Amino acid sequence: MKTKILTGALIAMMCFTACEKDDEVKPETPAPTPTPKNETASSNPVPDDAYGVLVAVNSKSGSGIFSVNIGTGVALFFEDSVLVSAGKVSVNTTELTRSAGNSYYSTPGFANPNGIDFSTDRDWTVEGGNGVPAISYNNNRSMPTVGENTSPENVSRSSSYTVSASAVSGADSVIFIVGSLSYTAAGNVTSHTFTADEIAENLENGEAAAMVVPYNMNARSYSNKKYYFINEAVTTKIVNVSE
């Protein structure tokens, strides 16, 4: 049973030792590549008892009359803590693409620049396979909404920083993110302040994403395994981190 997801890359190195000679030229050991501190934290909640999450995401970009919502689908399925293929997966008749690592996602295209329309229901179908049962579920719970991202455009590494939105509604919980930092609050909270120590330790100079992510979710069991159907709204602002 899955208890935790490890995000990011897992790097393995193999070292070979040969007999030493006085004139032998030894290759230099490459330095490990550090994980960027400003890499965006995950915005997809995964409960500890989940064998899968199926996420409908409305991503908001721009503001005011220039605001645009883009709908995308994301799905992850687990067996023995490992991501597995579950055959064909679709939401609202749009088939999701399976990555080499067995995560599923959709991307907007020329034919549908605004992505998937989640204004009514989210109708999920999963073919099944590798321990994942066939799933058919209509999620008619309303999508959460989020207002304008009001986070400051500049982050000082010597000061606290507040990630905020003008409003949130219809959420069970809200995730606040800046770079690799994240915090989950109750569904009616519109801001969270990260301390100066958190900012200094976890962010570096450069660009980072400040995100507010309200979400709600329903759980259903198939073949005695729990799957979560999640609705998310996401507003993102690219901010500048400096000393």
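Before any of the text, the structure's been laid out above.
Throughout what follows, the structure given in this document is the object of discussion. The model shown is predicted, which means the values in this text are computed figures rather than measured ones. Each residue is numbered by its place in its chain's sequence as written, counting from 1. The model is predicted, so local features are restricted to residues of pLDDT at least 70 and side-chain atom pairs to those at 80 or more, both for listing and for counting; the totals for chains, interfaces and linings are taken over all residues. As a rule here, side-chain values come from all non-hydrogen atoms in the structure, and water together with hydrogens is ignored.

Here we take up unusual backbone geometry. Located in the positive-phi region is Asn92, a residue other than glycine, with phi close to 50°. Here Asn92 lies in the loop between strand E4 (89–91) and strand E5 (94–95). At Ser223, a residue that is not glycine, the phi angle is positive and equals roughly 50°. Counting from the N terminus, the helices are DSSP H or I runs at least four residues long and the strands are E runs at least two residues long. Turning to its location among the elements, Ser223 is positioned in the loop between strand E17 (206–222) and strand E18 (225–242). Exposure classes here rest on a 1.4 Å probe applied to the protein chains alone. A residue is buried below 20% of its type maximum, exposed above 50%, and partly exposed in between. We classify Ser223 as exposed; its relative accessible area is 55%.

At least two bridges found by DSSP between two strands is the condition for calling them paired. Of the strand pairs in this sheet, strand E14 (residues 173–178) and E17 are connected by six bridges, and their pairing is antiparallel. Among the inter-strand pairings, Ile177 is bridged to a residue of E17, identified as Met211. Taken together, the 15 bridges between E17 and E18 define a ladder with antiparallel strand orientation. Pairing of Ala219 across the sheet is with Tyr228, part of E18. What sits between the antiparallel neighbours E17 and E18 is a turn of two residues, in which Ser223 has the positive phi angle 50°.

What follows covers the packing of aromatic side chains. Working definition: a ring pair exists when centres of Phe, Tyr or Trp rings (six-membered ring for Trp) sit within 6.5 Å. Plane angles under 30 degrees give stacked, over 60 give edge-to-face, the rest tilted. Under the criterion given, the structure shown has four aromatic pairs. Ring geometry for Phe77 against Tyr104: centres 5.8 Å apart, planes inclined by 85°, an arrangement best described as edge-to-face. Taken as a pair, Phe77 in strand E2 (residues 68–79) and Tyr104 in strand E7 (residues 104–105) lie far apart in primary sequence, 27 residues in all. Considering the side-chain rings of Tyr222 and Tyr227, the 6.2 Å spacing of their centres and the 65° angle between planes classify their relative orientation as edge-to-face.

Residue position: Arg122 is located in strand E8 (residues 122–126). For the charge count, each Lys or Arg is scored as positive and each Asp or Glu as negative, with His and the chain ends excluded. Salt bridges are counted wherever a side-chain nitrogen of Lys or Arg sits within 4 Å of a carboxyl oxygen of Asp or Glu. Of the side chains bearing the opposite charge, Asp121 lies closest to the buried Arg122, which forms no salt bridge; the N-O distance is 5.2 Å. Note on contacts: a residue pair qualifies if any of its non-hydrogen atoms lie within 4.5 Å across the two residues. When neighbours within four sequence positions are excluded, Arg122 is seen to be in contact with Ala56, Val91, Asn92, Tyr137, Asn138, Asn139, Asn140, Arg141, Ser142, Met143 and Asn231.

A few words on the pattern of salt bridges. As enumerated under the stated definition, the model contains four salt bridges in all. Of the charged contacts, one joins Lys226 and Asp49 as a salt bridge, the two residues approaching to 3.4 Å between their closest N and O atoms. Taken as a pair, Lys226 in strand E18 and Asp49 in the segment before strand E1 (52–61) lie far apart in primary sequence, 177 residues in all. Overall, the relative accessible area of 31% leaves Asp49 in the partly exposed class. Residues Arg157 and Glu243 are paired through a salt bridge, measuring 2.8 Å at the closest nitrogen-oxygen approach. Of the two residues, Arg157 sits in the loop between strand E11 (154–156) and strand E12 (161–164) while Glu243 sits in the segment after E18, which places them 86 residues apart along the sequence. On the basis of relative accessibility, which here comes to 18%, the residue Arg157 falls in the buried class.

For the rest of this paragraph, the subject is the environment of Thr150. Topologically, Thr150 is positioned in the loop between strand E10 (145–146) and E11. When neighbours within four sequence positions are excluded, Thr150 is seen to be in contact with Ser164, Ala165, Ser166 and Lys237.

What follows is about the nonpolar core. Put simply, a nonpolar core is a bunch of buried Ala, Val, Leu, Ile, Met, Phe, Trp, Tyr and Cys residues held in one set by side-chain atoms that sit within 4.5 Å of each other. Ranked by internal contacts, the top residues of the largest apolar core, which has 22 residues, are Phe77 and Tyr227. If you list the elements that add at least two residues to this core, you get E1, E2, E4, E8, strand E9 (135–139) and E18. Ignoring sequence-local partners within four residues, the contact set of Phe77 consists of Tyr51, Gly52, Leu54, Val82, Leu83, Val84, Ala86, Val89, Tyr104, Val126, Val132 and Tyr227. Among the nonpolar cores identified, the runner-up in size contains 21 residues, and Ala185, Phe194, Val212 and Ala233 belong to it.

Another aspect to go through is the sheet that holds E9. Here four strands make up an open sheet; going across it, the order is E5-E4-E8-E9 and the pairing antiparallel. Strands at the two margins of the open sheet, each flanked by one partner only, are E5 and E9. Judged from the three bridges that link them, E4 and E8 form a sheet pairing that is antiparallel. Considered in E8, the bridge of Val89 is made with Val126.

Across six bridges, the pairing between E14 and strand E15 (residues 181–186) is antiparallel. Directly across from Val178, in E15, lies its bridge partner Leu181. The antiparallel pairing of E14 with E15 creates a hairpin that spans two residues between the two strands, and Gly179 there sits at a positive phi of about 55°.

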